[in-house]
Amino acid sequence: MTRTPRSIDEALRRARVFQGEYTAADLESARHTLASHLRELRWVQFLSNSTPGARAHQLPGALHEQAAHDLRTLCRGAVHHHGAARHITAFDTARDPDGALTFACLLYLADQEEGARFWWHYAAGAGSTTAALSLYLHHVRHGDMRDAQHWAGQIHRLNRLDWSCYTPVPHHADTSANPSPGLSVRYTLPLSGPAVSEDAAKCAVDELEAPHSGLLGPVPQPIPALADHWNELVSA
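Report follows, based on the coordinates.

Observations regarding unusual backbone geometry
- In the Ramachandran plot, arginine 95 falls in the positive-phi region, its phi being about 55° despite a non-glycine side chain.
- Its place among the elements puts arginine 95 in the loop between α4 (84–94) and α5 (97–109).

Written as structure tokens, this is what we have:
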């Protein structure tokens, strides 16, 4: 995936002179590509400047690193929450959305990002702002700013519904309208809590079932033993 240019100068340096005869289709394609790059650049610059604690000159790379750190903090907190094992049991037996959030965070800590993203989508679809924030941070971390913008919009919609939902990690996420790039998320998280052993998380995930689910392929599923050994997992 091509990295987003960090400045207009860098975007221009990437330009290439077309060797041959230009057609109307070539010009239209070039205009579309340039407009796309500039929209992406404006979005990255706005997001960098609107994140709490970010300085005006912060580079997108630093923004991505901060998002990765915050997402890991969020996932560790969810896995360490006192109700985590209970929610995993409810997820195993009845696909409880709150348990899906916890399960997704465990998968993320075990470097199973595709499975984590699948169950974050499931939980966010049930109204979890924590899952929506997780997806927002996930896409910022990977530089997928248009997808991050989408989840900023979802957080905005969920906040407007103003309903109570499971929040394993105390946080506040709100949005402020901006006419050019869309919505940015301003969020606060507690300081990093206890770590979760990556080896223990990977061992736990290695024992999971992954039945084939139609066009989705293998999707990680919990097993009853996971909840039974949750305390061992978080204390490893």
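Side note on the side chain of glutamate 113
- Within the secondary structure, glutamate 113 sits in helix α6 (residues 113–125).
- Of note is the side chain of glutamate 113, whose polar atom sits 2.9 Å from the side chain of histidine 142.
- In contact with glutamate 113, not counting residues within four places along its chain, are Tyr108, His138, Arg141 and His142.

Thoughts on the packing of helix α7 (residues 129–141) against helix α8 (residues 145–161)
- Look at α7 against α8: their axes get within 8 Å of each other, and the N-to-C directions meet at 160°. Put simply, α7 runs roughly antiparallel to α8. As for the relative orientation of α7 and α8, their crossing is left-handed in sense. Touching Thr129, Ala132, Leu133, Leu135, Tyr136, His139 and Val140 of α7 are Met145, Asp147, Ala148, Trp151, Ala152, Ile155, Leu158 and Asn159, all from α8.
- Partitioned by chemical class, the residues of the contact of α7 with α8 number 11 nonpolar, 3 polar and 1 charged.

A few points about the pattern of salt bridges
- As enumerated under the stated definition, the model contains 3 salt bridges in all.
- Residues lysine 202 and aspartate 111 are paired through a salt bridge, measuring 3.2 Å at the closest nitrogen-oxygen approach. Pair noted here: lysine 202 is in helix α9 (residues 198–206) and aspartate 111 is in the loop between α5 and α6, with a separation of 91 residues, a long-range link.
- By relative accessible area, lysine 202 is classed as partly exposed at 30%.
- When its relative accessible area of 43% is taken as the criterion, aspartate 111 is described as partly exposed.
- The closest approach of N and O atoms between arginine 141 and glutamate 113, which form a salt bridge, is 2.5 Å. Here the residue arginine 141 occupies a position in helix α7, and glutamate 113 occupies one in helix α6, the gap between them amounting to 28 residues.
- Taking the relative accessible area as the measure of exposure, arginine 141 reaches 29% and is therefore partly exposed.

As for the environment of alanine 84
- Within the secondary structure layout, alanine 84 lies in helix α4.
- In this structure, the C-alpha to C-alpha distance between alanine 84 and asparagine 231, residues 147 residues apart in sequence, is 9.6 Å.
- Apart from residues lying up to four places away in sequence, alanine 84 is in contact with Ala78, Val79, Thr102 and Trp230.

Some remarks on α7
- Between the first and last C-alpha of α7 there are 18 Å, a value that for 13 residues agrees with the 18 Å anticipated at 1.5 Å per step.
- With 12 of 13 residues buried, α7 lies mostly within the body of the structure.
- The complete set of buried residues in α7 reads Thr129, Thr130, Ala131, Ala132, Leu133, Ser134, Leu135, Tyr136, Leu137, His138, His139 and Val140.
- In the segment just after α7, glycine 143 is the residue with positive phi, at about 75°.

Observations regarding α6
- A rise of 1.5 Å per residue sets the reference length of α6, with its 13 residues, at 18 Å; its end C-alpha atoms lie 18 Å apart and thus fit the reference within 8%.
- One or two steps after α6, the chain reaches glycine 127, where phi turns positive at roughly 105°.

Examining the packing of aromatic side chains
- Within the structure shown, the criterion is met by 6 aromatic pairs.
- When the ring of tryptophan 119 is compared with that of tyrosine 122, the centres are 5.3 Å apart and the planes differ by 75°; the resulting orientation is edge-to-face. Of this pair, tryptophan 119 and tyrosine 122 both sit in helix α6, 3 residues apart, which is roughly one turn of the helix.
- Through a chain of ring-to-ring contacts, the aromatic side chains of Phe91, Phe103, Phe118, Trp119 and Tyr122 assemble into a single cluster.

Re the nonpolar core
- With 55 residues, the main nonpolar core has Trp120, Tyr136, Leu226 and Trp230 as its most contacted residues.
- At 9 residues, α5 tops the list of elements feeding residues into this core.
- Filtering out sequence-adjacent residues up to four positions away, tryptophan 120 remains in contact with Leu71, Cys75, Leu101, Ala104, Cys105, Tyr108, Ala131, Ser134, Leu135 and His138.

Comments concerning the side chain of histidine 87
- Among the secondary structure elements, histidine 87 is positioned in helix α4.
- Those residues in contact with histidine 87, other than ones at most four positions away along the chain, are Asp96, Asp98, Gly99, Thr102 and Tyr166.

Some words on the environment of aspartate 111
- Taking the C-alpha atoms as reference, aspartate 111 lies 8.4 Å from glutamate 198; in sequence the two are 87 residues apart.
- Every residue in contact with aspartate 111, bar those within four places of it in the chain, is listed here: Arg72 and Lys202.
- Side chain to side chain, aspartate 111 and lysine 202 meet in a polar contact 3.2 Å long.

Definitions and limits used
Residues numbered from 1 in each chain as written. Predicted model: local features only at pLDDT ≥ 70, side-chain atom pairs only at ≥ 80, totals over all residues. Heavy atoms only, no water. Helix = DSSP H or I, 4+ residues; strand = E, 2+ residues; numbered from the N terminus. Polar contact = N/O pair within 3.5 Å; in protein donor to acceptor, adjacent residues only side chain to side chain. Contact = heavy atoms within 4.5 Å. Axes fitted to C-alpha atoms, helices over the stretch in contact; angles between N-to-C directions. Parallel < 35°, antiparallel > 145°, perpendicular 65-115°, else oblique. Left-handed = near helix turned anticlockwise from the far one by under 90°. Nonpolar A, V, L, I, M, F, W, Y, C, P; charged D, E, K, R; others polar. Salt bridge = Lys/Arg side-chain N within 4 Å of Asp/Glu carboxyl O. Buried < 20%, exposed > 50% of the residue type's maximum accessible area, 1.4 Å probe, protein only. Expected span 1.5 Å × (residues − 1). Phe/Tyr/Trp six-rings, centres within 6.5 Å; stacked < 30°, edge-to-face > 60°. Core = buried A, V, L, I, M, F, W, Y, C linked by side-chain atoms within 4.5 Å.

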